[in-house]
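Descriptive structure summary
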Amino acid sequence: MKIKIFKFSVILLILFMGCSKSILEEQIPHLITAETLFKNLDGFEAALNGLYNKVRQEWSGEPNQGTYGEVGLVATDIITTSNGSSFGYTVEKWGTAVNSDDPYLLLNFTWLYQVVNAANTIIARAENPEVTLTGNGKTADVNKNRVIGEARAIRAWAYRHLTYTFGDVPLTLDESQGSSIRTDWDRTPVSKVREQMRSDLLFAEQYVTTEPSLRGRLTKGAIHTYLAELYLALNKPDSTIIFADKIINEPAYKLITERYGVNISKPGTPFTDMFINGNCNREEGNSEALWVFQYEKGLSGTGNSHIKRNVVSRYDQKSITGKLTPFNYVIPFQCTVERAGYGRARLAMTKYAINIYEKQDDRGSNFAIRKYLILQDAATNGDGVPADKLPSGYAYGDTIKFDWSVDFILPDAATIRFLWPWSRKFDYADPLNVKGSNCYKDQPYIRAADAYLLKAEAQFKKGDNPGAAATINIIRQRSNASTITGDKVNIDFILDERARELVYEEHRRYTLLRTHKWLERTSLYNPNNGGSMITPRDTLFPIPRKVIDANLTKPMPQNPGY
Amino acid sequence: MKKNKFVVPVFWNKIKLLMRLCTLILLISFTTVAFSSLLAQQQTREISGTVTDSKGQPVIGASVVVKGTTVGINTDADGKFRLSVPDNTTTLSVSFIGMKLQDVDISGKITISVQMEDETVSLDEVVVVGYGTQKKSDITGTVASLSQEKLKKIVVSDVTQVLQGVLSGVFINQNDGGAVPTDQSIMIRGRNSITASTSPLIVVDGVSYSGLLTDINPNDIKSVEVLKDASSAAIYGSRGSNGVILITTKGGEEGITSLSYDGYYSIQNFTNIPDMMDGEQFYQIKLLYAPTSIFQSEIDVYNTNPKGADYYELSMRQGSSQNHNISASGGTKNMNYFISGNVVETKGLAKNDDYLKISTRVNVEGKLTDWLTLGTRTSLAYIDMSGASSTFRNAFMMNPLTNPFNPDGTYAIFPWPDNTDYTGPLTALLYDDSDLSSQVVTHNFVKVNVPFIKGLQYDLSTGYSLNNFNHYQYQGRNTPNGYKQQGSMTGQETRSYLLSVENILTYDREFGKHHLFLTGLYSFEEEGNKRFSITARGFPNDVLTYYAVDKALYTYPSLDFSKADLISEMFRANYTYDNRYLFTFTIRRDGYSAFGAQNKYGSFPSFAFGWNIANESFFPLKDIINILKLRASWGKNGNQAIKAYSTLSRLGGADNVAGSTNLAGYFPSVLGQDNLGWETTESTNIGLDFGILENRITGEINSYFANTSDLLLARSISPVSGFESITQNIGKTNNKGLEITISSKNIDMSSFLWTTEGNISFVKNKIVALYGLKDENGKLSDDLTNNWFIGQPIIVNYDFVFDGVWQLDEVAEAASYGYQPGYAKLRDLNKDGMISSGSDRKIIGQVDPKFTWGLTNSLSYKNFTLNVFIYGVNGATKKNLLRFDNVGKDARLNDVVKDWWTPTNPSNTMTSPCYESSRIPFQYYIYENASFARLKELALSYDFPTKWLDRIKLKRLRVYITGRNLMTFTKFGGLDPELEGGSTGSGGAPAIMPMTPLQKEFIFGLNIEL
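Residues numbered from 1 in each chain as written. Chains lettered and ligands numbered in written order. Predicted model: local features only at pLDDT ≥ 70, side-chain atom pairs only at ≥ 80, totals over all residues. Heavy atoms only, no water.

1. Re the overall build of chain A
- Looking only at helices and strands, one finds 20 helices and 10 strands in chain A.
- Since a compact globule built from 562 residues should have a radius of gyration of about 24 Å, the 27 Å found for chain A is in line with a globular shape.
- Per-residue burial for chain A yields a buried fraction of 64% across its 562 residues.
- Counting contacts in chain A only where the partners sit at least 6 residues apart, residues at least 24 apart contribute 71% of the total. (Helix = DSSP H or I, 4+ residues; strand = E, 2+ residues; numbered from the N terminus. Rg over C-alpha atoms; globule rule 2.2 N^0.38 Å. Buried < 20%, exposed > 50% of the residue type's maximum accessible area, 1.4 Å probe, protein only. Contact = heavy atoms within 4.5 Å.)

Right under this line is the structure:
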């Protein structure tokens, strides 16, 4: 008996031991690792989708209601903070308010290096000779070069943001591995980083196609735009002209000069048609678009774009005094689809930027910049929205004009900023959710118009003023602005023209830094977060303290003045 | 892989088989009970007698029963009894708490007198030590024990309340108050790890337990043991380094049938309610703070009702709780049982914060033959936490100059029409919220006393617990989210399980003066869960709430999964010579699936030695000192506190879209390290147990030293890598401490008893090494990104020093730092004339306490007992968030009443009322000493005299009133020094997030035993 029981226990033990090895091997039916993903073309396409998801966060925002892209937009001659997000508060004050503890700058830095690492991972894995990327009716080599090309272009995109924001930054081209944690990063000089960007873009330029590999991805034209801009920064205007011309001469990238699309029967202009929901994509007729960020309501891959709520004013909060009884305040305006729903105006155009247009210029019309609102009844408001409330002495149909005669100075601007003109490039509202703040409109990120302005800048740099005027006039004529002659062309005119055409689209801060005009023009035209507050120190932001602190074995120098 | 699939069904079959057996045993048990009551119908005779204690004093309430039956009675106030017994009765059993059970022969007698002997409590107590029990006198390690008798005295709804302050070295971190304080963590002997969990392993009836301690019915608990030192915890190897809590539930006892009811009703209020500004005060501060940001709607509210809205009154209520417990237990020679049912219903202080728990337990053990015993310990629980409530935070911080109601009396979605970012906090009460969970914990076992080999026993023990959580919430169009999204829902279904199978062989035998106790273990454990979640938006209407999920415009389902396995082998040898010399050796080998391929297995040895000095013949002071035991132990323990899949580099979901097509996407999300292994703690314990004057004074002194290496450290890494942290086995800590426990019977007279129990625990930890990296000066690098400093306590506050407020006569000096009067004065530590985060921050105290203590005094006079328990914590430094300017930019949020600086009020505690004065350019906090002493419990109880009870056939009737958290002595100015503190918003978001304070509670209770 006892022997039997002993035997039984022993057998039991062996039974358990026998299977112990496989039990302790982790089964991962639900997780994606680099090993399980980077096996075939589908895996690489999914990794590219993930990469574009992160890139798109430039507009999709970060906590505290800002967006990563803000760092390239605000505190410039044409865009000011209005009702700050976290970064807005910082650049409202400059001075000691901008410091290496700023949480926004850390988030921004981290986000961009996440993109760099994801791109590095895709590049390294695609170069693995054991992986074959056949599929999609193309050869493995074609697919491989296109995948690597897109990833390298995105890597250059990230370093563009990094160098303009922080100056010299560590250059890393390897996939991060747990086994090799570095604590001794160096700050690579901007010139060397740009050399890498140039090589990445020149590689990508060969393999990325004229039409995007998928809607929402970048095109050859987008890469040419970055090359044209990079060569301006490298002071090689001839190369800029070569790459700008590749866009200008590409028939597929034709400028929009005629009305088109969903609102063709309604009043409007060719220029503003490009930004209307349903018109933004190349497939929808926007031949000028070179890269269009994609958003869609109700899908898991949808972004949560903050850009609309950050640009549209708080018109639904503005109280207006009645004509008859001066202290009878009423908040008249309801959120409607036509008014772009719910806005929080974290950013605003400066008075300078609003006044920069000729009267007949489409780009300054009420289709492009909202400058007034009309009191409307419920039927006109539509989508189940109630009627606007009438202040005493007003009737439906009355126009309330915005007043931007006095420039915007925080924090006392609360009273004026709620009815401040806003650029309508992001106007969108969901008819089912008029008070929702998210924007699900696809958004042109790079347009061919930029190429003309980059080319004009290069021509001006070379002393070819008539050529520059001719290039600029193509852009101006499309919007009914008057044509100019070569003698009017100077760097300030080019910057003004860029402002007229590309406000909120170009990274204005980078443009001004590239042309060495940021300090001068921001001081001059942005009394709110420019004026006398800014100094040469502020052309670069500080390296976040966490980056310096985590460099345990090698001191990392901070930017001067911080 | 194939084998893996094969093994699980085998376990399943075993469990199924055992469950069937258990059902059978249950049936048998009820039949037995029925028979025993039939027995009582036989012919009877009467016997009477007196029961006295060792000093000849009458023993009141002693239990006198016919041996082997339920026929019995309690002695009266004079220690006398009179009992009808079946004619053929020969033996009576007499028992009383604290005295030895006596069997008295009554053959041919009609009166008897029984003198009871005191039970030598400390020494012969049997203590659960994990995979077995031991006499307390034989133990070599450090085990703190809470017996059933102690547990009976304390009224609790939750076991952690028992542990706090009563057992030395056990520290409970409360993170939040509220109806059901689920957000708490237990720490035994301080902190060894920097980032890994400090939670001890919890073992219920021998099986590891993954649920919440709050889910265990305290009335079911027989004893709680805490294994503190390396030697006693080493049998749990890879999970022992944070200590082990062993909970044993009750069983039945042969011959003692009992049916009892325990119930209480309690009312609760907050211990501390911050004094928030009313509308008038808020308006005045707004005038100073942001006069251009006063909106018309605020002025309108102010003009009609200057007090404004009181969101606290609107969302809070007086809390109440009721608890009813019925239990039955009993046994015969071959089987015993304990059955209980429990209902707890709590109405928390926030409206709708409701909690209902119904639980049952069946513990049955049956001896089928001389050598085979089967049993089960099974509990079922159903928990309903449905209903959403406005959070404490929202109730306090909402702008009072707003309208909480619409004109028609419904809750306003946008109480502040000028700023629709702030939505009505009360609308949460309108959510349709269903939060239900159920739990099965079953432990089934077979014990085989191997015939022919005396002392050899084989146990097969299986544990299975299954938790199901269902949480559905619908936010309709009358709530902010529902309004914006046309109805919005979230739903979650989670199923989690813990399965364990243990094979235990024990050999326990005495050979003359030698006592040998050997234990061998082979076990397997698997923990897993699967969770299905769904969110949906865009409902056609609110009628069917979340039941209309199929009609929603947008649905987002997701599925989570996790599984981890542990395989263990353990051997333990205990050897005792002549009750004087005690030796213990253990070794355990564990394999854990979540570790890297090279480091799946770890081995954990320990040794311990004990010497009962008082048992030596040469010991001179036997008359005074009756216990004196010296203990020493050394051992290694592990901490496996990483989740499954931690070694793997992973990509997380990051989908994109193209037009209206969803594109699945993945993005690197976690950086893994494939050689992760155990965190190892090596510790030494030296202890002394003593008993003086026949154990009138007993106590224990322990000191320990622990070194932890290969920390599972989530270290920060440079964001240049694209990641912010990685878990590595890196770094070392040191932890040492001293614990003293003393209990004494101060006065012990026949009608008056005064006992005192006190304990104090000192803990001191420090970081010894981090990454082993040196800075440019060759000094070991601290980690400033995490505030970890070599040579300093593990968790410290590291911040600017707040030196008050710049005053009007300091204009020039303030200006030299870029400040103005009314702004915060931060100390310029390096005196370089500017404030910078790099050089002007310093360590401001440690967050963990330096010592904690508990003191319980118990006074009994006749049938009254008064219990006073005071708990104290010293040496912790915490943020006082109530001194943080919370009104924020544009003064949008309410705040506590503060002594704001103004030119006419030169306050030095609060800056001037403007956003910049306390924030620009650096964020700082104010730290205060969070030491406190708290009257945790004051309880008065009355036991009805037995002579009354006999008439109504009751064994016991007791009523009591208990107050909890009645008084707090502290200099801390924050919400509650006992809470972990709350968090703060980042960046421009000003919101502090005060937690719900602890509750003050009055309990009225009743115990009845038949």
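After that view, the rundown keeps rolling.
2. What about the pattern of salt bridges?
- Tallied over the entire structure, the rule returns 85 salt bridges over all chains.
- One salt bridge connects A:R344 with A:D316, and the closest N-O pair in it is separated by 3.8 Å. Of this pair, A:R344 sits in the loop between strand 4 (329-330) and strand 5 (347-349) while A:D316 sits in the loop between helix 11 (307-311) and strand 3 (320-321), and the two are 28 residues apart along the sequence.
- B:E937 is paired through a salt bridge with B:R964; the nearest N and O atoms lie 3.1 Å apart. Here B:E937 is found in strand 48 (residues 932-943), whereas its partner B:R964 is found in strand 49 (residues 956-970), with 27 residues between them in sequence. In this structure, B:E937 and B:R964 share a single accessibility class: buried.
- Here the residues in one salt-bridge network are A:E288, A:E358, A:D361, A:R363, A:K425, A:R447, A:R476, A:R478, A:E497, A:R500, A:E501 and A:E505, joined through shared partners. (Salt bridge = Lys/Arg side-chain N within 4 Å of Asp/Glu carboxyl O.)

3. Looking at the sheet that holds strand 16 (residues 244-249) of chain B
Residues and elements named next belong to chain B.
- The five strands are arranged 10-15-16-13-14 in an open sheet whose pairing can be described as mixed. The strands lining the two open edges of the sheet, one partner per strand, are strand 10 (143-146) and strand 14 (207-208).
- As defined by bridge partners, strand 10 adjoins strand 15 (residues 221-227) across four bridges and the pair is classed as antiparallel. Across the sheet, the residue bridging to S145 is E225, located in strand 15. (Pairing = 2+ DSSP bridges.)

4. So, a nonpolar patch on the surface
- A cluster of nonpolar side chains, contributed by B:Y265, B:F864, B:L940, B:I961, B:F1002 and B:F1004, occupies part of the molecular surface with about 540 Å² of accessible area.
- Here B:L940 lies in strand 48. (Patch = residues over 30% accessible without salt bridge, like charges linked within 9 Å, V, L, I, M, F, W, Y side chains within 5 Å. Areas by Shrake-Rupley, 256 points an atom, 1.4 Å probe, with all protein chains shown as cover.)

5. What to know about the interface of chain B and chain A
- Across the boundary between the two partners, chain B contributes 104 residues, which contact 102 residues of chain A.
- Taken over both partners, the interface formed by chain B and chain A buries close to 8800 Å², and the fraction arising from carbon and sulfur atoms is 64%.
- The residue A:K546 makes a salt bridge to B:E724 at a minimum N-O spacing of 3.2 Å.
- If you look at where chain B meets chain A, you find 15 residue pairs in polar contact (both at pLDDT 80 or more). (Buried area = accessible area lost by both parts, 1.4 Å probe. Polar contact = N/O pair within 3.5 Å; in protein donor to acceptor, adjacent residues only side chain to side chain.)

6. Here's the deal with the environment of B:D550
Residues and elements named next belong to chain B.
- One can find D550 in the loop between strand 25 (514-537) and strand 26 (554-577).
- Separated by 412 residues in sequence, D550 and T962 have C-alpha atoms that sit 51 Å apart.
- Polar side-chain contacts of D550 include one of 3.2 Å to the side chain of K551.

7. Brief notes about the pairing of strand 45 (residues 864-874) of chain B
Residue and element names in this part refer to chain B.
- Here strand 44 (residues 851-861) pairs with strand 45 via 11 bridges, running antiparallel. The residue of strand 45 that forms the bridge with F851 is N874.
- The loop that links strand 44 with its antiparallel partner strand 45 comprises two residues; one of these, K862, has a positive phi angle of about 50 degrees.
- Here 10 bridges tie strand 45 to strand 48, and the two strands are oriented antiparallel to one another. Note on strand 48: the bridge partner recorded for F864 is Y942.

8. Considering the confidence of the model for chain B
Residues and elements named next belong to chain B.
- With 91% of its residues at a pLDDT of 70 or more, chain B shows a mean pLDDT of 85.
- Low confidence marks residues 1-12, where pLDDT is under 50. Its contacts with residues over four positions away, or in another chain, come to 15 contacts.
- Predicted confidence is poor over residues 984-991, with pLDDT under 50, and the contacts of this stretch with residues over four places away or in other chains come to 24 contacts.
- Here the complex is predicted with pTM 0.81, and the ipTM for its interfaces comes to 0.90. (pLDDT = per-residue confidence, 0-100.)

9. Comments concerning the sheet that holds strand 7 (residues 111-115) of chain B
Residues and elements named next belong to chain B.
- Reading across the sheet, the three strands line up as 4-1-7 and stay open at both edges, with mixed pairing between neighbours. In this open sheet, the two strands that pair with only one neighbour each are strand 4 (80-86) and strand 7. Strand-to-strand twist of the sheet, defined as the mean angle between neighbouring strand axes without regard to direction, takes the value 30 degrees.
- One ladder, built from five bridges, connects strand 1 (residues 44-52) with strand 7; its direction is parallel. Bridging from a neighbouring strand, T50 pairs with S113 of strand 7. (Axes fitted to C-alpha atoms, helices over the stretch in contact; angles between N-to-C directions.)

10. Regarding the environment of B:S63
All names here are of chain B.
- Tracing the chain through its elements places S63 in strand 2 (residues 63-66).
- Since its relative accessible area comes to 17%, S63 is described here as buried.
- With 30 residues separating them in the primary sequence, S63 and S93 have C-alpha atoms 7.9 Å apart.
- Every residue in contact with S63, bar those within four places of it in the chain, is listed here: I73, N74, S93, V94 and S95.

11. Some details on the packing of helix 3 (residues 41-60) of chain A against helix 6 (residues 140-166) of chain A
Residues and elements named next belong to chain A.
- Following both chains from N to C, one finds helix 3 and helix 6 inclined at 20 degrees, their axes separated by 11 Å at the closest point. Taken together, helix 3 and helix 6 sit at an angle that is classed as roughly parallel. The handedness of the crossing between helix 3 and helix 6 comes out as left-handed. Between helix 3 and helix 6, the contacting residues are L41, F44, E45, L48, L51, Y52, V55 and E58 on the first element and N143, R146, V147, E150, A151, I154, W157 and H161 on the second.
- Split into classes, the residues belonging to the contact of helix 3 with helix 6 amount to 10 nonpolar, two polar and four charged. (Parallel < 35°, antiparallel > 145°, perpendicular 65-115°, else oblique. Left-handed = near helix turned anticlockwise from the far one by under 90°. Nonpolar A, V, L, I, M, F, W, Y, C, P; charged D, E, K, R; others polar.)

12. Considerations on helix 8 (residues 220-233) of chain A
All names here are of chain A.
- Taking 1.5 Å as the rise per residue, helix 8 with 14 residues should run 20 Å; its terminal C-alpha atoms sit 20 Å apart, in good agreement.
- For helix 8, the tally of buried residues reaches 12 of 14 residues, placing the bulk of the element in the interior.
- Those residues of helix 8 that fall on the buried side of the exposure criterion are G221, A222, I223, H224, T225, Y226, L227, A228, E229, L230, Y231 and L232.
- Note on helix 8: the residue one or two positions beyond its end, N235, has a positive phi of about 60 degrees. (Expected span 1.5 Å × (residues − 1).)

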